[in-house]
Amino acid sequence: MKKISLIPGSDQTEPAAFSREKMDEASIDSMKLSSLLAENLGHFATLLEDGAGFAVYVRDGEATVTGIKAP
């Protein structure tokens, strides 16, 4: 896995996890997305081991959740 930006910046030249086009279609701006992520994932973060996390990724329309560990 490669670390990329979570939310697309204004220049859109760097890859980001969330699609600016899909965010615009859903009328969700960067601040709202950040707020929703914190509200909905914050509790799960309290359950993680130190240095561990989880990733959700989509490929060909199929979502996968996996655990990750910082080096």
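Residues numbered from 1 in each chain as written. Predicted model: local features only at pLDDT ≥ 70, side-chain atom pairs only at ≥ 80, totals over all residues. Heavy atoms only, no water.

**Some points on the overall build of the protein**
Then comes step 1: The helix and strand tally for the protein stands at two helices and two strands.
Then comes step 2: Helices and strands in the protein line up, N terminus first, as α-α-β-β.
Then comes step 3: Referenced to the eigenvectors of the C-alpha coordinate spread, the extents of the protein come out at roughly 35 × 25 × 25 Å.
Then comes step 4: Buried positions account for 8% of the 71 residues belonging to the protein.
Then comes step 5: Across the protein, contacts joining residues at least 24 apart in sequence account for 12% of those joining residues at least 6 apart.
Then comes step 6: Within the structure as shown, the protein displays about 6100 Å² of accessible surface, and the carbon and sulfur contribution to it stands at 55%.
Then comes step 7: Of the side-chain charges in the protein, 7 are positive and 11 negative, and the distance between the mean point of each set is 4 Å. (Helix = DSSP H or I, 4+ residues; strand = E, 2+ residues; numbered from the N terminus. Buried < 20%, exposed > 50% of the residue type's maximum accessible area, 1.4 Å probe, protein only. Contact = heavy atoms within 4.5 Å. Areas by Shrake-Rupley, 256 points an atom, 1.4 Å probe, with all protein chains shown as cover. Lys, Arg positive; Asp, Glu negative; His and termini not counted. Charge placed at Lys NZ, Arg CZ, Asp CG, Glu CD.)

**Here's the deal with the environment of K3**
Then comes step 1: Note on placement: K3 falls in the segment before α1 (20-25).
Then comes step 2: Taking the C-alpha atoms as reference points, K3 and P15, separated by 12 residues in sequence, lie 9.6 Å from one another.

**Let's talk about the pairing of strand β1 (residues 52-59)**
A regular strand places its side chains so that they alternate between the two faces of the sheet.
Then comes step 1: For β1 and strand β2 (residues 62-69), the ladder comprises eight bridges, and the chain directions are antiparallel. Each residue of the ladder has a partner; that of A55, found in β2, is T66.
Then comes step 2: Joining the antiparallel neighbours β1 and β2 is a turn of two residues, in which D60 adopts a positive phi near 55 degrees. (Pairing = 2+ DSSP bridges.)

**Comments concerning the confidence of the model for the protein**
Parts of the prediction with low pLDDT should not have their coordinates interpreted in detail.
Then comes step 1: Per-residue confidence for the protein gives a mean pLDDT of 90; residues scoring 70 or more make up 96%.
Then comes step 2: When pLDDT is averaged over each element of the protein, α1 comes out on top at 94 and β1 at the bottom at 91. (pLDDT = per-residue confidence, 0-100.)

**What about unusual backbone geometry?**
Then comes step 1: Positive phi, normally seen in glycine, also occurs at S27, with a value near 55 degrees.
Then comes step 2: When you line up the elements, S27 lands in the loop between α1 and α2 (30-45).
Then comes step 3: In this model, D60 sits at a positive phi of 55 degrees, which is unusual for a non-glycine residue.
Then comes step 4: Examined against the element boundaries, D60 turns out to sit in the loop between β1 and β2.

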